[in-house]
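# Report on the structure
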Amino acid sequence: MTAYDVIVLAGGAAKRLGGADKPGVRVGGRALLDRVLAACDGAARTVVVGDRRATARPVVWTREVPQGGGPLAALGAGLKLTTAEWVLVLSADLPFLGPGTVDALLAAAGEPGSEGALCTDPDGRDQPLVAAYRAEPLRRELALIATEYGSLSGLPLRILTAELELARIDAGPDAAFDCDTWGDIAAARARIREHGAVLDEWITSVKNELGIELDVDTGVLLDLARDAAHGVARPAAPLTTFLVGYAAARASAGAGPDEAAAAVAEASRKATALALRWEAEAAESAGQGGDAAGGPAGGAKPDAGREGTGTS
């Protein structure tokens, strides 16, 4: 995988949000800034240009000079603290940015003759704050612009991108979706609650909140919960999944994420088999139609040709 640093621009005035602390606005229970940081957690160094705040993982903080000098000045300030050959540049308001887009940008930026790559939105517009750049030409062009204009303050990003050989990738409608208004925030919050996304979003948020770095097969856990609820009793579902997690934690104490995930899978397998045995016994008892002792009155064996009610 390409080694890279990342610069996240988180110091804008958020005028269309009424001056709200946009990087700290929560979508799906997580701050926008933390959602962006999660997408690029493979970076060697993460520099956030903005006011200090609590974040889900460690970062290096800096500010543009003067503060409020705009994205080009912020990029220049962040670039001074990076050392990698490749630099990912992101805004702090991308709720749906994922590792797949990060990988695609780095791959496109690494193509021969390319000095970087940026995303385009569904309308074909360039998104220079969803991009990956080679650090050397980025530094070169920023120095030339600062010399020509006297500083980087107040200048638009297009002055920079116009001078670079950039590849462009279509990352779909979500990767470049940014939250400039409260309407955008509301749309993002609604989108993560859609049927196809809500479960993954919730599990990711829970793991983030609990500090868990563990990829497990959620389908296995859902099947276990279903079998426990159906074969035993509805309250058995959450209690069983809790006990599976506890057992897996004990079994994998001191081990790495892969071993922990395997322990969850094994504990789930055992608990599922137990729930299915309970269900089979309940079905057998129902088929016998007998008393609590397990057989019909008088101890006679059930008729093998009868099902369900034990009557002809």
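Below, the structure is looked at part by part. The structure displayed is predicted, hence computed values, not measured ones. (Residues numbered from 1 in each chain as written. Predicted model: local features only at pLDDT ≥ 70, side-chain atom pairs only at ≥ 80, totals over all residues. Heavy atoms only, no water.)

### Description of the overall build of the chain
Helix and strand counts for the chain come out as 11 helices and nine strands. In the chain, which comprises 312 residues, the share counted as buried stands at 40%. Only carbon and sulfur atoms are counted for the fraction: they give 54% of the accessible area of the chain, which is about 17000 Å². Here the chain contributes 30 positively and 42 negatively charged side chains, and the mean placements of these two sets differ by 5 Å. (Helix = DSSP H or I, 4+ residues; strand = E, 2+ residues; numbered from the N terminus. Buried < 20%, exposed > 50% of the residue type's maximum accessible area, 1.4 Å probe, protein only. Areas by Shrake-Rupley, 256 points an atom, 1.4 Å probe, with all protein chains shown as cover. Lys, Arg positive; Asp, Glu negative; His and termini not counted. Charge placed at Lys NZ, Arg CZ, Asp CG, Glu CD.)

### Let's talk about helix α8 (residues 198-210)
Here α8 spans 18 Å end to end across 13 residues, near enough to the 18 Å set by a 1.5 Å rise per residue. Positive phi shows up at Gly211, right after α8, with a value of about 70 degrees. (Expected span 1.5 Å × (residues − 1).)

### A few points about the side chain of Ser91
Topologically, Ser91 is positioned in strand β6 (residues 86-91). A relative accessible area of 10% means that Ser91 is categorised as buried. Polar contacts involving the side chain of Ser91 include one to the side chain of Asp93, which spans 2.7 Å. Apart from residues lying up to four places away in sequence, Ser91 is in contact with Val8, Leu9, Val36 and Leu129. (Polar contact = N/O pair within 3.5 Å; in protein donor to acceptor, adjacent residues only side chain to side chain. Contact = heavy atoms within 4.5 Å.)

### Side note on the environment of Leu81
Mapped onto the elements, Leu81 comes out in the loop between α2 (71-79) and β6. Between the alpha carbons of Leu81 and Ala249 there is a distance of 39 Å; along the sequence they are 168 residues apart. Setting aside anything within four residues of it in sequence, one finds Leu81 in contact with Arg45, Val47, Val60, Trp61 and Thr62.

### Digging into the pattern of salt bridges
Considering all chains together, one arrives at 15 salt bridges under this definition. A salt bridge links Lys22 to Asp180; the nearest nitrogen and oxygen atoms lie 3.5 Å apart. Of this pair, Lys22 sits in the loop between β1 (4-9) and β2 (26-27) while Asp180 sits in the loop between α6 (172-175) and α7 (182-191); the two residues are 158 residues apart in sequence, bridging distant segments of the chain. Classification of Asp180 by relative accessible area gives partly exposed; the value is 22%. One salt bridge connects Arg125 with Asp121, and the closest N-O pair in it is separated by 2.8 Å. Arg125 sits in the exposed class, given a relative accessible area of 51%. Its relative accessible area of 9% is what places Asp121 among the buried residues. Shared partners join several salt bridges into a network, and the residues in it are Lys22, Asp93 and Asp180. (Salt bridge = Lys/Arg side-chain N within 4 Å of Asp/Glu carboxyl O.)

### Focus: the environment of Leu157
Here Leu157 shows up in the loop between α4 (135-149) and α5 (158-161). Judged by its relative accessible area of 11%, Leu157 is buried. With 101 residues separating them in the primary sequence, Leu157 and Asp258 have C-alpha atoms 42 Å apart. Not counting residues within four places of it along the chain, the set of residues in contact with Leu157 comprises Pro71, Leu72, Leu75, Pro128 and Leu129.

### Some remarks on the pairing of strand β4 (residues 46-49)
Residue alternation in β4 divides its side chains into two sets, Thr46 and Val48 and Val47 and Val49, and both sets are buried. In terms of strand pairing, β1 meets β4 through four bridges, oriented parallel. Across the sheet, residue Leu9 finds its bridge partner in β4, namely Val49. Across three bridges, the pairing between β4 and strand β5 (residues 60-62) is parallel. Paired with Val49 across the bridge in β5 is Thr62. (Pairing = 2+ DSSP bridges.)

Purely geometric stuff here, so don't read any function into it on its own.
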